[in-house]
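Here's the letter readout for the chains.
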Amino acid sequence: MIKMLLLSAIVFAAGIGIPVMAAINAGLGTRLASPTFATAILMFVGLVFATSYLLVQGVPSFPTRMPPLYSFSGGFFVVFYVLAVTAIAPKIGLGNAIFLVLLGQIVSTSVIDHFGLLGAVKTPISAQKALGIAFMTLGIILARRVV
(Lines give C-alpha, C1' and ligand atoms only; values in the text may rest on other atoms or scores of the structure.)
Protein backbone atom coordinates (compact mmCIF):
# COMPACT_ATOMS: atom_id res chain seq x y z
CA MET A 1 0.00 0.00 0.00
CA ILE A 2 2.79 2.45 0.97
CA LYS A 3 4.79 1.50 -2.13
CA MET A 4 1.76 2.16 -4.37
CA LEU A 5 1.22 5.55 -2.72
CA LEU A 6 4.88 6.46 -3.22
CA LEU A 7 4.82 5.38 -6.87
CA SER A 8 1.57 7.29 -7.40
CA ALA A 9 3.07 10.41 -5.78
CA ILE A 10 6.13 10.21 -8.06
CA VAL A 11 3.97 9.94 -11.18
CA PHE A 12 1.76 12.77 -9.90
CA ALA A 13 4.89 14.92 -9.44
CA ALA A 14 5.95 14.05 -12.99
CA GLY A 15 2.53 15.26 -14.15
CA ILE A 16 3.08 18.54 -12.32
CA GLY A 17 6.39 18.88 -14.11
CA ILE A 18 4.92 18.61 -17.61
CA PRO A 19 3.26 22.05 -17.73
CA VAL A 20 6.18 23.58 -15.82
CA MET A 21 8.58 22.21 -18.44
CA ALA A 22 6.23 23.36 -21.21
CA ALA A 23 6.09 26.91 -19.83
CA ILE A 24 9.86 27.10 -19.36
CA ASN A 25 10.60 25.73 -22.83
CA ALA A 26 7.92 27.84 -24.53
CA GLY A 27 9.51 30.91 -22.94
CA LEU A 28 12.96 29.79 -24.04
CA GLY A 29 11.71 29.16 -27.58
CA THR A 30 10.20 32.66 -27.68
CA ARG A 31 13.35 34.31 -26.31
CA LEU A 32 15.55 32.43 -28.77
CA ALA A 33 13.03 32.95 -31.60
CA SER A 34 13.38 29.24 -32.32
CA PRO A 35 11.20 26.53 -30.77
CA THR A 36 13.42 23.96 -32.48
CA PHE A 37 16.59 25.30 -30.85
CA ALA A 38 14.84 25.41 -27.45
CA THR A 39 13.75 21.79 -27.95
CA ALA A 40 17.29 20.75 -28.88
CA ILE A 41 18.61 22.43 -25.71
CA LEU A 42 15.98 20.68 -23.58
CA MET A 43 16.83 17.31 -25.13
CA PHE A 44 20.57 17.88 -24.63
CA VAL A 45 20.08 18.76 -20.95
CA GLY A 46 17.82 15.71 -20.60
CA LEU A 47 20.47 13.52 -22.25
CA VAL A 48 23.13 14.79 -19.83
CA PHE A 49 20.93 14.11 -16.79
CA ALA A 50 19.71 10.71 -18.01
CA THR A 51 23.25 9.61 -18.89
CA SER A 52 24.57 10.80 -15.52
CA TYR A 53 21.83 8.89 -13.69
CA LEU A 54 22.51 5.81 -15.80
CA LEU A 55 26.21 5.92 -14.94
CA VAL A 56 25.45 6.29 -11.21
CA GLN A 57 22.83 3.53 -11.34
CA GLY A 58 25.01 1.24 -13.45
CA VAL A 59 24.76 0.46 -17.15
CA PRO A 60 22.77 -2.75 -17.66
CA SER A 61 23.97 -5.48 -19.97
CA PHE A 62 22.44 -5.52 -23.41
CA PRO A 63 19.56 -7.95 -23.91
CA THR A 64 20.27 -11.12 -25.83
CA ARG A 65 17.13 -10.57 -27.89
CA MET A 66 16.53 -7.32 -29.77
CA PRO A 67 13.44 -5.38 -28.58
CA PRO A 68 10.80 -4.63 -31.24
CA LEU A 69 11.75 -1.67 -33.44
CA TYR A 70 8.76 0.38 -32.28
CA SER A 71 10.32 0.33 -28.79
CA PHE A 72 12.82 2.92 -30.00
CA SER A 73 10.20 5.38 -31.29
CA GLY A 74 9.49 6.94 -27.88
CA GLY A 75 12.16 9.57 -28.52
CA PHE A 76 10.25 10.74 -31.58
CA PHE A 77 7.09 11.24 -29.50
CA VAL A 78 8.99 13.14 -26.80
CA VAL A 79 10.56 15.49 -29.35
CA PHE A 80 7.23 15.90 -31.17
CA TYR A 81 5.47 16.76 -27.90
CA VAL A 82 8.13 19.20 -26.70
CA LEU A 83 8.47 20.91 -30.08
CA ALA A 84 4.69 21.17 -30.57
CA VAL A 85 4.08 22.64 -27.12
CA THR A 86 7.13 24.92 -27.32
CA ALA A 87 5.97 26.32 -30.67
CA ILE A 88 2.21 26.41 -30.08
CA ALA A 89 1.73 27.27 -26.38
CA PRO A 90 2.82 30.90 -26.86
CA LYS A 91 0.17 31.22 -29.61
CA ILE A 92 -2.86 29.54 -27.98
CA GLY A 93 -1.89 29.78 -24.31
CA LEU A 94 -0.14 27.27 -22.07
CA GLY A 95 -3.39 26.13 -20.44
CA ASN A 96 -5.06 25.43 -23.78
CA ALA A 97 -2.00 23.57 -25.06
CA ILE A 98 -1.71 21.38 -21.96
CA PHE A 99 -5.46 20.73 -21.82
CA LEU A 100 -5.35 19.56 -25.45
CA VAL A 101 -2.37 17.35 -24.61
CA LEU A 102 -4.39 15.92 -21.71
CA LEU A 103 -7.34 15.26 -24.01
CA GLY A 104 -5.03 13.48 -26.46
CA GLN A 105 -3.65 11.40 -23.60
CA ILE A 106 -7.14 10.40 -22.46
CA VAL A 107 -8.08 9.27 -25.97
CA SER A 108 -4.84 7.42 -26.70
CA THR A 109 -4.58 5.69 -23.32
CA SER A 110 -8.17 4.53 -23.62
CA VAL A 111 -7.51 2.97 -27.03
CA ILE A 112 -4.15 1.48 -25.99
CA ASP A 113 -5.61 -0.04 -22.81
CA HIS A 114 -8.81 -1.25 -24.47
CA PHE A 115 -6.95 -3.22 -27.14
CA GLY A 116 -3.84 -3.99 -25.07
CA LEU A 117 -1.63 -2.32 -27.66
CA LEU A 118 2.15 -1.93 -27.40
CA GLY A 119 2.39 -4.45 -24.58
CA ALA A 120 -0.08 -2.66 -22.28
CA VAL A 121 -2.34 -4.60 -19.96
CA LYS A 122 -5.68 -5.05 -21.71
CA THR A 123 -8.42 -3.23 -19.81
CA PRO A 124 -11.58 -2.91 -21.89
CA ILE A 125 -13.55 0.32 -21.81
CA SER A 126 -16.61 -0.32 -19.64
CA ALA A 127 -19.69 1.89 -19.63
CA GLN A 128 -18.49 3.44 -16.36
CA LYS A 129 -15.03 4.14 -17.80
CA ALA A 130 -16.55 5.60 -21.00
CA LEU A 131 -18.72 7.89 -18.87
CA GLY A 132 -15.67 8.95 -16.85
CA ILE A 133 -13.75 9.69 -20.06
CA ALA A 134 -16.71 11.70 -21.36
CA PHE A 135 -16.85 13.72 -18.11
CA MET A 136 -13.08 14.33 -18.22
CA THR A 137 -13.40 15.50 -21.82
CA LEU A 138 -16.31 17.77 -20.95
CA GLY A 139 -14.31 19.12 -18.01
CA ILE A 140 -11.41 19.96 -20.28
CA ILE A 141 -13.73 21.70 -22.73
CA LEU A 142 -15.44 23.66 -19.94
CA ALA A 143 -12.17 24.56 -18.21
CA ARG A 144 -10.55 25.94 -21.35
CA ARG A 145 -12.17 27.47 -24.33
CA VAL A 146 -9.90 26.29 -27.13
CA VAL A 147 -11.44 27.97 -30.13
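The structure contained in this document is the topic of the report that follows. (Residues numbered from 1 in each chain as written. Predicted model: local features only at pLDDT ≥ 70, side-chain atom pairs only at ≥ 80, totals over all residues. Heavy atoms only, no water.)

## Considerations on the overall build of the chain
When helices and strands are tallied, the chain shows five helices and zero strands. For the chain, the N- to C-terminal ordering of α and β elements is α-α-α-α-α. Expressed along its principal axes, the backbone C-alpha trace of the chain runs to roughly 45 × 40 × 35 Å. Burial analysis of the chain (147 residues in total) assigns 14% to the buried set. Pairs at least 24 apart in sequence give 58% of the contacts found in the chain among residues at least 6 apart. Of the roughly 10,900 Å² of accessible surface on the chain, 77% is carried by carbon and sulfur atoms. (Helix = DSSP H or I, 4+ residues; strand = E, 2+ residues; numbered from the N terminus. Buried < 20%, exposed > 50% of the residue type's maximum accessible area, 1.4 Å probe, protein only. Contact = heavy atoms within 4.5 Å. Areas by Shrake-Rupley, 256 points an atom, 1.4 Å probe, with all protein chains shown as cover.)

## Focus on the layout of surface pockets
Here the largest pocket is characterised by a volume of approximately 650 Å³. Along the wall of the largest pocket there are 19 residues; nearest its centre are Phe77, Val78, Tyr81, Gln105 and Ser108. Elements represented by at least two residues in the lining of the largest pocket include exactly helix H1 (2-32), helix H3 (74-92) and helix H4 (94-115). For the lining of the largest pocket, a count of residues per class yields 13 nonpolar, six polar and no charged. (1 Å grid on protein atoms, 1.4 Å probe; cavity = no way out; pocket = protein on both sides within 12 Å on 5 of 7 lines; lining within 4 Å. Points joined across faces, edges and corners; volume = space filled by probe spheres on them. Nonpolar A, V, L, I, M, F, W, Y, C, P; charged D, E, K, R; others polar.)

## So, the packing of aromatic side chains
Applying the stated criterion to the full structure yields two aromatic pairs. An angle of 75 degrees between the planes, with centres 5.2 Å apart, marks the rings of Phe76 and Phe77 as edge-to-face. This pair shows no difference in class: Phe76 is exposed, exactly as Phe77 is. When the centroid spacing of 6.1 Å and the interplanar angle of 15 degrees are considered together, the rings of Phe76 and Phe80 count as stacked. With Phe76 and Phe80 both in helix H3 and four residues apart, the pair spans about one turn of that helix. (Phe/Tyr/Trp six-rings, centres within 6.5 Å; stacked < 30°, edge-to-face > 60°.)

## Focus on the packing of H1 against H3
Closest axis-to-axis distance for the H1/H3 pair is 8 Å, and the angle between their directions is 65 degrees. By the angle class used here, H1 and H3 are roughly perpendicular. Seen from above, H1 lies across H3 with right-handed handedness. Here Ile18, Met21, Ala22, Asn25, Ala26, Gly29 and Thr30 of H1 lie close against H3, whose contacting residues are Tyr81, Val82, Val85, Thr86, Ala89 and Pro90. (Axes fitted to C-alpha atoms, helices over the stretch in contact; angles between N-to-C directions. Parallel < 35°, antiparallel > 145°, perpendicular 65-115°, else oblique. Left-handed = near helix turned anticlockwise from the far one by under 90°.)

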